[in-house]
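Structural description and commentary
In case you want the letters, here they are:
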Amino acid sequence: MYGAVPGRTARPGAALSPATYLRRVMTDFFKYQALGNDYVVIDPRSTDLPVTPETVRRVCDRHFGIGADGVVHGPLTDPRPGVPVPLALFNSDGSVCGRSGNGLRMFALHLADRDAGSWATGEPFTLRTSAGDSPVRILDRAAGAVQVGLGRPVFDAAALPLLNEDGTPAEGSTLSVPLTVGEHRLTVTALDNGNPHTVVPVDEPTPELARDLGPRIAGHARFPHRTNVQFLRVASRDVLEIEVYERGAGYALASGSSACAAASAARRLGLCEDRVEVRMPGGSVTVTLAADGSVTLTGEVRQVATGDFAPALRALLDRTPEAVR
Ligand SMILES: N[C@H](CCC[C@H](N)C(=O)O)C(=O)O
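Residues numbered from 1 in each chain as written. Predicted model: local features only at pLDDT ≥ 70, side-chain atom pairs only at ≥ 80, totals over all residues. Heavy atoms only, no water.

**Here's the deal with the nonpolar core**
Judged by nonpolar contacts, the single largest core of 52 residues is most densely connected at Phe 107, Leu 127, Leu 240, Val 278, Met 280, Val 285 and Val 287. If you count residues domain by domain, this core takes at least three from each of domain 1 (18-151 + 303-318) and domain 2 (177-291). Leaving out residues up to four positions away in the same chain, Leu 240 has contacts with Leu 232, Arg 233, Val 234, Ala 235, Ala 262, Ala 263, Ala 266, Cys 272, Val 276, Glu 277, Val 278 and Arg 279. Leu 160, Leu 162, Val 177 and Val 229 belong to the second-largest nonpolar core, a separate cluster that totals 20 residues. (Core = buried A, V, L, I, M, F, W, Y, C linked by side-chain atoms within 4.5 Å. Buried < 20%, exposed > 50% of the residue type's maximum accessible area, 1.4 Å probe, protein only. Domains from an automatic or database assignment. Contact = heavy atoms within 4.5 Å.)

What follows is the structure, encoded as structure tokens:
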């Protein structure tokens, strides 16, 4: 579907403890969270589980599966130091996601946890997704402090894409554009930082607002690729507060690319400094904006669990069509 998936390729090493060896060879999933934004990592070197949109939906199901906002599938080829590591990102509804600030940070920590070696030294390395390359760096492994660069966002209607009210393609800047959602006449700033985002400045971002208006903006006819949505309050020039509704995953306690989108939009609107704390219900991250607009996200990531699917669930997952092996 999106490239060759190697089978179980773990190599027993004389220096490995039995527990480390088992974890490397036969672990179906690794679960991580970043401020309550949770992803299941499926590493094709540790399991031969097929990964398809249907398996992603089942794994992410909070009642019938493991539960997560999305899945990170990778590495898609054996990782080598100095070479970008390819991986695929999925939302909990099974849709593909170009880039996830938190998912990438979790995967970086996964490589350090599982493979150690050069991945755990704190030196930067590069992860590759369908949205391009992202540099990552583990600042403090014990504290789970991980940084990712999301590049320069694009504020361009054709790139998102954003349509006019009449359905024709819009052109030009997406800074402070009018958007009508039912009875609401909003002024929003849309951008692409690997994913499409729409930042909505409000007096008071609340979970209720995100859950109510979020899906109506995410699925608005003017965004044919849908959009992630951030309800933003500028608390000060150094502190932003957001509530997030994610395309493909719904209401989220936190989102890395959303935090970056909010900071990029606020900066372009002249509302904040080059370094801001972005507060979300699950916690805070730091976003820094370079002079050329490129964005760096820093925050905490934690491993939650490692494990195997029970045979009955595994049988269901194996039975899904269009399996990639
Ligand atoms: N749902 C999103 C991506 C979510 C990424 C988010 N979890 C992050 O941490 O950046 C999409 O389809 O564009």
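Alright, that's what it looks like, and here's the rest.
**Regarding the sheet that holds strand β5 (residues 88-91)**
Read from one edge of the open sheet, 5 strands run β5-β3-β2-β1-β18, paired in mixed fashion. With one partner strand each, in any of the chains shown, β5 and β18 (302-307) form the two edges of the open sheet. Going from strand to strand, the sheet's axes swing by 20° on average, the running direction of each strand aside. In the packing of helix α3 (residues 101-115) onto the sheet, contacts are made with β1 (29-34), β2 (37-42), β3 (70-73), β5 and β18, and the angle to β1 comes to roughly 130°. (Pairing = 2+ DSSP bridges. Helix = DSSP H or I, 4+ residues; strand = E, 2+ residues; numbered from the N terminus. Axes fitted to C-alpha atoms, helices over the stretch in contact; angles between N-to-C directions.)

**Focus on the pattern of salt bridges**
All told, the structure shown has 23 salt bridges when counted by the stated rule. Close ionic contact of Asp 38 with Lys 31 constitutes a salt bridge, the shortest N to O distance being 3.1 Å. Put simply, Arg 58 and Glu 54 hold a salt bridge, and the shortest N to O gap is 3.6 Å. Remark: Glu 54 and Arg 58 occur in helix α2 (residues 53-60); sequence separation between them is 4 residues, near one turn of the helix. Given the relative accessible area of 25%, Glu 54 is considered partly exposed. One network of salt bridges, in which partners are shared, links Asp 28, Asp 48, Arg 314 and Asp 318. (Salt bridge = Lys/Arg side-chain N within 4 Å of Asp/Glu carboxyl O.)

**Comments concerning the UniProt feature "binding site: substrate" (unreviewed entry) in the protein**
Residues annotated in UniProt with the feature "binding site: substrate" (unreviewed entry) correspond here to Asn 37, Asn 91, Gly 101, Asn 102, Asn 195, Asn 228, Glu 246, Arg 247, Gly 256 and Ser 257. Assignment of secondary structure puts Asn 91 in strand β5. Residue class for Asn 91 comes out buried when judged on its relative accessible area of 3%. If sequence neighbours within four positions are ignored, Asn 91 has contacts with Val 56, Asp 69, Gly 70, Val 96, Cys 97, Glu 246, Arg 247, Gly 248 and Ala 249. Checked against the element boundaries, Glu 246 lands in strand β13 (residues 239-246). Overall, the relative accessible area of 5% leaves Glu 246 in the buried class. The residues contacting Glu 246, other than those within four sequence positions of it, are Asn 37, Asn 91, Asn 228, Ala 252, Ala 254 and Ser 255. (UniProt positions renumbered as here; feature names shortened; annotations may be inferred.)

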